[in-house]
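# Survey of secondary and tertiary structure
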Amino acid sequence: MKKLYILSLVLSFTLGFAQTNLKKADALFKSYSYADASKAYEECLQNIENPSAQTLKNAADSYYFNSDARNALKWYKRLYEVQGNNLTDIYYLRYIQTMKAVMDYDDADKITKEYLNKKGDQKEINRYVAQKKQLDSLAKAKSLYTIKNLDINTGKSDFGATFYQDRIVFTSARDTTKFSDKLYNWNNQPFLNLYVSERNPADGSLFNETLFIPNVMTKYHEATASFDANGKTMYYSTNIVKKNKLVIDRDKINNFQILKGDIIDGKLENPQKVFFDNDAYSVGHPCLSDDGQWLFFASDMPGGYGETDLYVVKIADDGTMSSPQNLGPKINTIGNDLFPFFRNGILYFSSDGHYGLGDLDVYESKFLSDGSFTTPRNLGTPINSNKDDFTFIIDRTGTYGYVSSNRAGGKGDDDIYSFVKGEPVCNQNISGKASDRKSKLPITDVTIVAYNSFNEILAETKTNFEGKYAVTVPCNKTVRLVATKTNYSNDEKTVETTKENEGEIIDVNFELSNYDDLVVKKKGVEKVDVNPIYFDYDKSDITPLAIEELSKVVFIMRKFPNIRIKIESHTDSRGKDAYNLKLSDNRAKSTRDYIVSQQIDPSRIESAIGYGETRLINKCKNGVKCTEEEHLLNRRSDFIIIQK
């Protein structure tokens, strides 16, 4: 597809030389006879020990523009050895792309990082990191796309399928034109024409192709068409022609233009240029939005960010067009950004300047309400390959479409592939942190498990050294998250995920208590750490003050579900022994009943017994005078841990 990168027709002429030398090679290159130039450079460079940087550029470009990445890489590598960090942006890009084209991805990433560090543009670095991460993630996931090469393809270039009512219009070099049996020495193929075919909805195949609207077909290029929703208005790319002759500049280049016309009774009526056509540069690859309000296109007009940029104009109800607006550096790069297709608020396009698999890759970017676009996302394999992948289209339901590629295994220069797209997997990310309930410090290695409504595990992870975690779970689900760590209490949260794919739910945090902070140990016995539980005089009813302390017992039993306890209640020595024994037993059982009422399994309480004044812990037995504080030490309830 290099022949359409520059959106222009290069007129070349066969040059005759008696011998192969550098002068001949340069002349062939200057006349855009890249196939012959590559052979000439290959011969003469065998006898040049220290070729100039320009000669190396020309030799490499001769192969590059004919999609011979292996041979192009050989000379770009020599150029890099000569120029190093003095390599210009575009030659860094071509060097990197040829490495990817032969799948030397590690080397390509190494040179990419070197290039970005040299530029020192943090935004570019951030974009590279984000796009590489996204593409790496795609490589690990099952693709939604299944593609198939079509029988309609030929040994020539076939590409650019677009929807036209219930049929498909595409671009092809399959016919020999009246002008010549080849386009130019560059690729030795006929001129491009537009064809229309029937589509088999069962398998996406195309058949019964015929020349589309013969009255617009010239002896030069007609390519990449777009239609309004009714199929009555057509935009397409064509060479700039005046009085049946190509308009060429001093470099013998004929630029492309966009023509618009009305389709009436199978003919194109009133074809006319769009106002931003210009003899001095190319505009082409038009794409009209479904509502007819936006026209996207590619151009190498001055003021862009790279070799070819994407632009858009707004179309008023009366057909008036706004001035072209460059889509900006988020979309456009130093390389080629081409073949826009806009559907359901998403811009699809091809680029060799974004991080991809090699040469042109297809990307998607959402059009936002403020007129900006999201960071382009690579569609991954099998839509993309290490070769040129372009002219991606998809139907309104998002289930099928077509893409073109010159990848290995095709039938010709460029082939049209059909694809079907499965239902996307919708996921969201939940993140937060785990901290110590008492100290508020982060806790590392806390296990976070996400469960669905059927208690099936959706995801599992551990917190890092900062106590942070993140899990990926399905959209539109009720998710229960449980945080656990040995010797800590557990904690859990319930989250409702939304329908937004790749949405973020943040700050779902957990607090865990260290077991040792909740118990006291004395003489080998572990007890729940509570303050004295007070009852009203001569009563066993649970008071608000008692509830405050019992909540600590309930908390530890909830957070440590394996704990089992026994309850022991005691009184001081004042009062009759038998009365105190009965009172303490009532209080023990009242305490047990309250704990059970808080949804604690009764089987986890082995016993609840009152011991009256039989187990005093100081001297204050009957007849011994003691202070109120000394008597208080004996009025206690113990929650003894017998299993944990």
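This text follows the structure it describes.
## As for helix H8 (residues 122–140)
- Taking 1.5 Å of rise per residue, the 19 residues of H8 would be expected to cover 27 Å, and the 27 Å separating its terminal C-alpha atoms lies within 8% of that figure.
- Here H8 has its buried residues at Ile125, Arg127, Tyr128, Gln131, Gln134 and Leu135.
- Packed against the buried residues of H8 are helix H7 (105–119) and strand S20 (377–378).
- Measuring from the side-chain oxygen of the N-cap residue of H8 to the backbone nitrogen of Lys123 gives 3.0 Å; that N-cap residue is Asp121.

## Regarding the sheet that holds strand S15 (residues 309–314)
- If you trace the four strands from one edge of the open sheet to the other, you get S13-S14-S15-S16, paired in antiparallel fashion. Only two strands of the sheet have a single neighbouring strand rather than two, namely strand S13 (283–288) and strand S16 (325–326).
- As paired elements, S15 and S16 share two bridges and run antiparallel to each other. Bridged to Val312 within S16 is Gln325.

## Here we look at the environment of Thr55
- Summarising the element assignment, Thr55 is placed in helix H4 (residues 53–64).
- Sequence-distant contacts of Thr55, that is, excluding residues within four places in its chain, are made with Leu22, Tyr41 and Leu45.
- A distance of 3.0 Å separates polar atoms of two side chains, one belonging to Thr55 and the other to Ser52.

## Examining the pairing of strand S28 (residues 478–484)
- In the sheet, strand S25 (residues 447–451) pairs with S28 via five bridges, with the strands oriented antiparallel. Counted as the bridge partner of Ala450 is Leu481 from S28.
- Counted along the chain from S28 to the antiparallel partner strand S29 (residues 491–496), the turn is six residues long, and its residue Asn487 has a positive phi close to 70°.

## Considerations on the packing of H4 against helix H6 (residues 89–101)
- Contact geometry for H4 and H6: axes closest at 12 Å, N-to-C directions at 50°. Taken together, the axes of H4 and H6 lie oblique to each other. Where H4 crosses over H6, the handedness of that crossing is left-handed. Where H4 approaches H6, its residues Lys57, Asp61 and Tyr64 are matched on the opposing element by Tyr91, Arg94 and Thr98.
- Partitioned by chemical class, the residues of the contact of H4 with H6 number two nonpolar, one polar and three charged.

## Considerations on the state of the cysteines
- With the rule as written, the count across this model stands at two disulfides.
- A sulfur-sulfur distance of 1.9 Å marks the disulfide that ties Cys426 to Cys475. In this structure the cystine formed by Cys426 and Cys475 twists about its S-S bond by roughly -80°; its chirality is therefore left-handed. Of the two residues, Cys426 is situated in the loop between strand S23 (415–421) and strand S24 (427–436) and Cys475 in the loop between strand S27 (468–474) and S28; the sequence distance between them amounts to 49 residues.

## Notes on the environment of Asp158
- Tracing the sequence through the fold places Asp158 in strand S3 (residues 158–164).
- Put simply, Asp158 and Asn406 are 248 residues apart on the chain and 9.5 Å apart in space, counted from C-alpha to C-alpha.
- Apart from the residues lying within four places of it in its own chain, the contact partners of Asp158 are Asn153, Phe170, Thr171, Ser172, Arg174, Asp414, Asp415 and Ile416.
- For Asp158, the side chain forms a polar contact with the side chain of Arg174, separated by 2.7 Å.

Conventions and cut-offs
- Residues numbered from 1 in each chain as written.
- Predicted model: local features only at pLDDT ≥ 70, side-chain atom pairs only at ≥ 80, totals over all residues.
- Heavy atoms only, no water.
- Helix = DSSP H or I, 4+ residues; strand = E, 2+ residues; numbered from the N terminus.
- Expected span 1.5 Å × (residues − 1).
- Buried < 20%, exposed > 50% of the residue type's maximum accessible area, 1.4 Å probe, protein only.
- Contact = heavy atoms within 4.5 Å.
- Polar contact = N/O pair within 3.5 Å; in protein donor to acceptor, adjacent residues only side chain to side chain.
- Pairing = 2+ DSSP bridges.
- Axes fitted to C-alpha atoms, helices over the stretch in contact; angles between N-to-C directions.
- Parallel < 35°, antiparallel > 145°, perpendicular 65-115°, else oblique.
- Left-handed = near helix turned anticlockwise from the far one by under 90°.
- Nonpolar A, V, L, I, M, F, W, Y, C, P; charged D, E, K, R; others polar.
- Disulfide = S-S within 2.5 Å.

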